[in-house]
Amino acid sequence: MATSKTEEQKETNQSDSVKQEDDQDLPEESLKTSWNEASQNPNDLPMSRKAKRKLEHFERVREAHKLKRRQRKEERRKVKELHQEQGEHSGVASAANCSNRPTKKELNQQIKKRMQEAMDGPGPRICIDLSMAHTMNTKEIHKLAGQIGRLYGSNRKAEKPLHLWLSSLDTSGQIYDSCVKRNDGFDNYLIDKSDKTHTEIFKTEDIVYLTPDSTNVLEQLESDKVYIIGGLVDETPNKFYTLTNAKDHGLQTARMPIDEYMKKTPSGTYNKILTVNQVFDILLTLHNTGDWKQALSAGVPPRIGYVLR
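Residues numbered from 1 in each chain as written. Predicted model: local features only at pLDDT ≥ 70, side-chain atom pairs only at ≥ 80, totals over all residues. Heavy atoms only, no water.

Trainee: Which parts of the structure should I look at to understand the nonpolar core?
Mentor: The tendency in soluble globular proteins is for nonpolar side chains to be buried as a group. In terms of nonpolar packing, the biggest core is built from 48 residues, with L210, L218, I229, M256, L283 and V300 touching the most fellow members. Among the elements that make up this core, the one with the highest residue count is helix α10 (residues 276-289) (seven residues). Every residue in contact with I229, bar those within four places of it in the chain, is listed here: I126, C127, I128, D129, L210, V276, V279, F280 and L283. Of all hydrophobic cores here, the second largest spans ten residues; its members include C127, M132, F202 and L251. (Core = buried A, V, L, I, M, F, W, Y, C linked by side-chain atoms within 4.5 Å. Buried < 20%, exposed > 50% of the residue type's maximum accessible area, 1.4 Å probe, protein only. Helix = DSSP H or I, 4+ residues; strand = E, 2+ residues; numbered from the N terminus. Contact = heavy atoms within 4.5 Å.)

Here it is, written out as structure tokens:
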């Protein structure tokens, strides 16, 4: 009899250890299923202490999640009610605001009015010199056309647009052809266009040719001056090209005050040759704000390695 009881006890212990091992080996989803079944039929499925503790923990977590869901639902309901109340109080005002908002057509009319006033009134003029097409390949000409489109877009958005010129624009040339293909409505741009050179259009004493190689620093935009931006995209920059060209025609030159308002970062190209639209964005921002720091921030890309002092 003693031997029989001992054997039964061993079998019972082995059975419990097997159940515990089974509980540990069960995947999480299977364990949840067994816990649910146990909670529904507790007398049908014997459970070890460890499994019971896990079941109790699972039930506590589930109840906590239910409580959080109820709280979030209540918060959403309150927010919705608050928005509805505010909508009722401000409905009349909102309708009035919508009715006073200009239409797209009216906005375009306002833009055209500002652009036309800039062209007709006094103020600094910006001219893109397109006489260097022969120095560029097709890819570079396409890039230049894209830059012209971007600078025109910037000018349209400005509260105080600048008077824009395109000089040496040959309507039978590659630059014109690329501008028409890449910029919708190019022929209707509110820009003065001419096939003449900038020296033929403007007085020599009124011209300031902008070049990064100049020793003169541009301090401000003067209303009686014409600022020339060289329409040149050169993936292998030819240093002093625009400076030499300007000097050959006896023109004043100036550079952007990058060194005066900015400092070098630990890394960058430190290349001060900016794209046509970047130079224009600097001038446009300066024209609207009178602040060189804002102007340089608008046009000098961080990748070249300069930040404001």
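Trainee: Explanation requested: the side chain of Q278 in the structure shown.
Mentor: By secondary structure assignment, the location of Q278 is in helix α10. With relative accessibility at 14%, the residue Q278 sits in the buried group. The residues contacting Q278, other than those within four sequence positions of it, are G299, P301 and R303.

Trainee: What is the right way to read the sheet that holds strand β5 (residues 226-230) from this model?
Mentor: Ordered by their spatial adjacency, six strands build an open sheet running β3-β2-β1-β5-β4-β6, and the pairing between neighbours is parallel. Two strands close off the open sheet at either side, each with one partner strand: β3 (192-193) and β6 (252-254). Pairing of strand β2 (residues 163-167) with β3, which is carried by two bridges, proceeds in the parallel orientation. Bridging across to β3, W165 finds its partner in D192. Sheet strands in contact with helix α8 (residues 241-248) are β1 (125-129), β4 (207-210) and β6, and its direction is about 160° off that of β4. (Pairing = 2+ DSSP bridges. Axes fitted to C-alpha atoms, helices over the stretch in contact; angles between N-to-C directions.)

Trainee: In this structure, what is going on with the pattern of salt bridges? I would like to understand it.
Mentor: Opposite charge on two side chains permits pairing when their charged atoms draw close. By the definition in use, this model includes seven salt bridges. The partner of R77 in a salt bridge is E81, with the nearest N and O atoms 2.5 Å apart. Here R77 and its partner E81 are both found in helix α3 (residues 49-100), four residues apart, which amounts to about one turn of the helix. Looking at R77, the relative accessible area reads 37%, which means it is partly exposed. E81 sits in the partly exposed class, given a relative accessible area of 36%. Between R255 and E260 there is a salt bridge; the shortest N-O distance is 3.0 Å. The class for E260 is partly exposed, based on a relative accessible area of 38%. Several salt bridges share partner residues, and in doing so they unite E74, R77 and E81 into one network. (Salt bridge = Lys/Arg side-chain N within 4 Å of Asp/Glu carboxyl O.)

Trainee: Looking at this structure, I do not really get the side chain of Q147. What am I missing?
Mentor: Mapping Q147 onto the fold places it in helix α5 (residues 138-157). A polar side-chain atom of Q147 sits 3.1 Å from the main-chain amide nitrogen of V276. Among residues more than four places away in sequence, those in contact with Q147 are V233, T275, V276 and N277. (Polar contact = N/O pair within 3.5 Å; in protein donor to acceptor, adjacent residues only side chain to side chain.)

Trainee: What am I meant to see in helix α6 (residues 174-182) here?
Mentor: Residues spaced three or four apart along an α-helix face the same direction, because each turn holds 3.6 residues. Along α6, the residues that are buried comprise I175, Y176, S178 and C179. In a view along the axis of α6, the buried residues occupy a sector of 165°, so they form one face of it. Of the surrounding elements, those touching the buried residues of α6 are α5. (Arc of directions from axis to C-beta.)

In short, shape yes, function no, at least from these values alone.
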